[in-house]
Amino acid sequence: MPVEETILAGLNAQQREAVTTTEGPVLIVAGPGSGKTRVLTHRIAYLLSVRHIDPHQVLAVTFTNKAAKEMRDRLERLVGAQINGLTVGTFHAFCARVLRRDGERVGIAQDFTIYDDADQISVMKQALRDLNLDPKQYGPRTILSTISAGKSNGVTADEFAGLASSYWEEIAGRVYPVYQRLLRLHNALDFDDLLLMTFLLLTTRQDVLDRYQHRYRYIHVDEYQDTNHVQYRLVKELAAKHQNLCVVGDPDQSIYGWRQADIRNILDFERDFPKAKTILLEQNYRSSRRIVDAAQAVISMNTQRKQKHLMTENADGPAISVREHYDEGQEAQFVVQEIQRLVTVGPYRPNDCAVMYRTNAQSRILEEACIRFGLPYQLIGGTRFYERKEVKDVLALLRLVHNPSDGAAFERIIDNTPLGRGIGKQSVAALNAWARAHNTAAVAGCRALVEGMEPLPPVTGRPATGLADIARFVAGMRATLHDTGIVAFFDALLERSGYLRMLEEAGIDEADRVENVNELRSVVADYEMLEAPQALATFLEEAALVSDQDMYNRTADDTEKATLITLHAAKGLEFPVVFIVGAEENILPHSRSQESAAELEEERRLFFVGITRAKERLYISHVFKRTVWGNEQYATRSRFVDSIPPDIIEEIGSSTRRLPAVSPPQTNATRWETHPQPLPHREGSNGHAGQTRVPLPASGGGQGVGFRAGDRVSHPKFGDGAVVSVRDLGDDQEVTIAFVGAGVKKLMASLARIEKRR
DNA sequence: GCGCCCATAATTTTT
DNA sequence: TTATGGGCGC
């Protein structure tokens, strides 16, 4: 069979068109389960094998390492060695590569370090100190996200202040340049910088742009609906010469608007590229007809979308199960036991099943149920490997050796490793002030202390010795780097820093920390074949850009586990059986998303993503009563569920009870209690299945709810104030109050001792 | 400089 | 409810 036939075999008409339309801009709008990845890989295979395009001229960008790896693997299976020279990678990895190669043209050193969230916060705190801004009033996180939004929209430090349109942005506008200067001093870039700096490089250095434009004749972007403004402009620049840009995405699966993903990039593609050809992939090969119908019904409630109709030739499949449970404990128990039932009855295995939820906080109760009823599970998300304290500590040591200017690593080492013993806030502040005055890195100050060279940082005694030791440590490790392998270097680093000894001396409760350090060592060992300096650089780069997904895939060889996952993280996956739990107002849609129609639509898309992960069976559940932050509140079924046509639903246990949002003063709200045992509810106690619940008369509490904006109130600690706004949370309220002396506070009506004044 | 205790806050998180 | 960070006391 000719190559062309092989590549096009089994594709439907639209898919074929998407694969063979290689010239000019192409927008592929790919519904869930429509063979998007297949189209993308086959298209590249077609370019290489049929059109005989040099792989060096083909670029494919994705958002995750996992997607990049999958694309590469599938391509290799299709065309074998022809993929050599092909560029497949995440946006960030691609940009990092460009900057390592050509960044010097815009003042970025070749060995820059990539800063993660924690590093950014450490730098931001320093910036706030430099500006004498109170970090309590101006939360480092919040300022960072404002700056991040700016960077994602292509706004530089110089431009930001001029564009500020609120007091908050004005503050951010003052901080941004200082933050940026510190990053530069540390020889570091944050994630947003990778994109923005690459964009700036390409738009200010014509020769560099020419080179990349010339090289990449064919450009592909996966998950195009998730691109932000900078990514969009970057792609547009790269594709400007050849115009062979193929973007694939689904606006209905855009769930990262809060990360500045700009849904307009896909909605407006045809306007931006007038010659663009749009291909709709509407046939779903993944899910049963009922699931597809449910998804279609839900998503069609959105107004901001590109019209498309999902359809499938798959069988109807079983009805969609919608259930109300008493509380999240019952819900979790049902889910776990239902999975066990499906496994017993067949033909399902635990790993065919996934439980999806809106927030990570919901996973705990599910985990507990899995443990209690003996269902093996795999939790996705949670604390990532690279976010573990000990892993970050060791990474900080490695980073400082690699890039001695790395101030965030330096601070981390002082705070968390034996090298920092005896060095306190005072000394660090003095050193930082000195570094700022001399426009150099803190480590340079340590070096000055070793050599006794002027100008000396104003630190003496024990702290000075400690700082000098750090400089000696860095210099010593750098010296050995050239004559050992990376693993020997890693071991020497743990030894000389005293870090491993510190963990071991901490005893058994730190045993898994040692374990994690060993795990990190085994990752490092993968780079042993490289020269140590190169190995270190490559390892650090990949550690900075790798997400947890890739890590856990490494270890997820056991296939007999059910998956617990957030709806966000579930995008791109599929499972025969899917449970969506917590389908309630204020959870899904999340309470924080109810302010604007756009956010609400994004929540609906999130629900849509969840539904469309299911191939055969879909369970949606909500509860009567949910405990949030230790408060019991009555829940209302999510409005999203109501848009699923009743005839494809099997509804069980749904009561018509709908309590008013706020309990009336003479409360007849019902308090429920576990009966008969266990009393009290103890963790680890078992045999608590099948308990019955009986209503008990209400008592106590309840007082103090029913506030309205404008109410004058007083609080024993904060004094007098006025209610600014009220958010109803089932039977409680979150009240925002402006106090005369104490400022604005958010308080829970049921907990805080707020009294109405008149 | 270190460590404990209490106040505070609390979505989602591809990189 | 839980996690984290800052402040205060030693």
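Residues numbered from 1 in each chain as written. Chains lettered and ligands numbered in written order. Predicted model: local features only at pLDDT ≥ 70, side-chain atom pairs only at ≥ 80, totals over all residues. Heavy atoms only, no water.

Colleague: How do you make sense of the overall build of chain A when you look at a structure like this?
Modeller: Helix and strand counts for chain A come out as 30 helices and 25 strands. Residues counted as buried form 53% of the 758 residues belonging to chain A. Long-range contacts, defined here as pairs at least 24 residues apart, represent 74% of the contacts in chain A between residues at least 6 apart. Working note: accessible area of chain A is about 34100 Å², and carbon and sulfur atoms make up 50% of it. (Helix = DSSP H or I, 4+ residues; strand = E, 2+ residues; numbered from the N terminus. Buried < 20%, exposed > 50% of the residue type's maximum accessible area, 1.4 Å probe, protein only. Contact = heavy atoms within 4.5 Å. Areas by Shrake-Rupley, 256 points an atom, 1.4 Å probe, with all protein chains shown as cover.)

Colleague: Is there a simple way to think about the protein's contact with DNA strand C in this case?
Modeller: Lining the immediate surroundings of DNA strand C are Lys125, Lys136, Arg364, Trp629 and Gly630. Separating a phosphate oxygen of DNA strand C from a side-chain N or O atom of Lys125 is a distance of 3.3 Å. Here the surface near DNA strand C is composed, by residue class, of one nonpolar, one polar and three charged. (Near = heavy atom within 4 Å. Polar contact = N/O pair within 3.5 Å; in protein donor to acceptor, adjacent residues only side chain to side chain. Nonpolar A, V, L, I, M, F, W, Y, C, P; charged D, E, K, R; others polar.)

Colleague: Would you explain the nonpolar core in this entry?
Modeller: Burial of nonpolar side chains together is a common tendency in soluble globular proteins. Core analysis: the biggest nonpolar cluster contains 66 residues, and Ile143, Leu194 and Leu245 have the highest contact counts within it. In terms of residues, this core owes the most to one element, helix α9 (residues 167-185), which gives eight residues. Contacts of Leu194, omitting those with residues within four sequence positions, involve His92, Cys95, Ala96, Leu99, Phe112, Ile114, Leu189 and Leu545. (Core = buried A, V, L, I, M, F, W, Y, C linked by side-chain atoms within 4.5 Å.)

Colleague: In this structure, what is going on with the pattern of salt bridges? I would like to understand it.
Modeller: Charged atoms that come close allow side chains of opposite charge to pair. All told, the structure shown has 45 salt bridges when counted by the stated rule. For the salt bridge of Glu23 with Arg51, the shortest nitrogen-to-oxygen distance reads 3.0 Å. Separated by 28 residues along the polypeptide, Glu23 in the loop between α2 (13-20) and β1 (26-30) and Arg51 in the loop between α3 (36-49) and β2 (58-62) bring together distant segments of the chain. On the basis of relative accessible area, Glu23 is assigned to the partly exposed category, the value being 43%. Look at Arg51 and you get partly exposed, because its relative accessible area is 34%. (Salt bridge = Lys/Arg side-chain N within 4 Å of Asp/Glu carboxyl O.)

Colleague: Teacher, can you tell me more about the packing of helix α5 (residues 91-102) against helix α10 (residues 191-204) here?
Modeller: The axes of two packed helices give the description: the angle between them and the distance between them. Relative to each other, α5 and α10 sit at 55°, their axes nearing to 9 Å. Judged by the angle between their axes, α5 and α10 are oblique. For the crossing formed where α5 meets α10, the hand is left-handed. Residues Phe91, His92, Cys95, Ala96, Val98, Leu99 and Asp102 of α5 lie in contact with α10, whose contacting residues are Phe191, Asp193, Leu194, Leu195, Met197, Thr198 and Leu201. A class-by-class count of the residues in the contact of α5 with α10 yields ten nonpolar, two polar and two charged. (Axes fitted to C-alpha atoms, helices over the stretch in contact; angles between N-to-C directions. Parallel < 35°, antiparallel > 145°, perpendicular 65-115°, else oblique. Left-handed = near helix turned anticlockwise from the far one by under 90°.)

Colleague: Is there a simple way to think about the sheet that holds strand β7 (residues 245-249) in this case?
Modeller: As a general point, the strands of a sheet are linked pairwise by backbone hydrogen bonds and lie either parallel or antiparallel. Across the sheet, six strands lie side by side as β3-β2-β6-β7-β1-β8; this open sheet has parallel pairing. In this open sheet, the two edge strands, each paired with only one partner strand, are β3 (87-90) and β8 (277-281). In this sheet, adjacent strand axes meet at a mean angle of 15° when their direction is disregarded. In this structure, strand β6 (residues 218-221) lies alongside β7, joined through three bridges in parallel fashion. Each residue of the ladder has a partner; that of His220, found in β7, is Cys246. Against the sheet, α3 engages β1, β2, β6, β7 and β8, with an angle of about 170° to β6. Packing of α5 onto the sheet brings it into contact with β2, β3 and β6, and relative to β3 it is tilted by some 115°. (Pairing = 2+ DSSP bridges.)

Colleague: Can you help me understand the environment of Ile644 in this one?
Modeller: Among the secondary structure elements, Ile644 is positioned in the loop between α30 (639-642) and β18 (649-652). The buried category is assigned to Ile644, whose relative accessible area is 3%. Distance from Ile644 to Ile380, taken between C-alpha atoms, is 28 Å for residues 264 residues apart in sequence. Ignoring anything within four residues of it in the chain, the contact list for Ile644 reads Ala294, Ala297, Val298, Phe607, Ile620 and Ile649.

Colleague: How should the side chain of Glu390 be read in this particular structure?
Modeller: When you line up the elements, Glu390 lands in helix α18 (residues 389-402). You can call Glu390 buried: its relative accessible area is 3%. Setting aside its immediate chain neighbours within four residues, Glu390 contacts Tyr499, Asp512, Arg513, Asn516 and Val517.

Colleague: What should I look at first to understand the confidence of the model for chain A in this one?
Modeller: Parts of the model with low pLDDT should not have their predicted coordinates read in detail. Overall, the predicted model of chain A reaches an average pLDDT of 84, with 83% of residues at or above 70. Contacts for the low-pLDDT stretch residues 552-557, under 50 throughout, to residues beyond four places or in other chains number nine contacts. (pLDDT = per-residue confidence, 0-100.)

Colleague: I would appreciate a short explanation of helix α12 (residues 229-239) in the present structure.
Modeller: Spacing of three or four residues puts side chains on the same side of an α-helix, whose turn is 3.6 residues. When α12 is considered as a whole, its buried residues turn out to be Val230, Gln231, Tyr232, Leu234, Val235, Leu238 and Ala239. The residue sitting at the N-terminus of α12 and contributing the capping side-chain oxygen is Asn228; that oxygen lies 3.1 Å from the backbone nitrogen of Val230.

Colleague: Help me understand the packing of aromatic side chains, please; the structure alone is not making it clear to me.
Modeller: Here a ring pair, both rings aromatic, is described through the centre-centre distance and the interplanar angle of the planes. A full pass over the atoms with the stated rule returns 13 aromatic pairs. With 5.9 Å between their ring centres and 70° between their planes, Phe94 and Tyr216 make a pair best called edge-to-face. In this pair, Phe94 sits in helix α5 while Tyr216 sits in the loop between α11 (206-215) and β6, placing the two residues 122 residues apart along the sequence. As far as burial versus exposure is concerned, Phe94 and Tyr216 are alike and both buried. Here the aromatic rings of Tyr256 and Trp258 are separated by 5.6 Å at their centres, their planes lie at 45°, and the arrangement is tilted. (Phe/Tyr/Trp six-rings, centres within 6.5 Å; stacked < 30°, edge-to-face > 60°.)

Colleague: Sorry, what's going on with helix α16 (residues 328-345) here?
Modeller: With 18 residues, α16 extends 25 Å between its outermost C-alpha atoms, agreeing within 8% with the 26 Å of an ideal straight helix rising 1.5 Å per residue. All of the buried residues in α16 are Glu328, Gln330, Glu331, Ala332, Gln333, Phe334, Val335, Val336, Glu338, Ile339 and Leu342. With a side-chain oxygen lying 3.1 Å from the backbone nitrogen of Gly329, the N-terminal cap of α16 falls on Asp327. Following α16 by one or two positions, Gly346 has its phi on the positive side, about 80°. (Expected span 1.5 Å × (residues − 1).)

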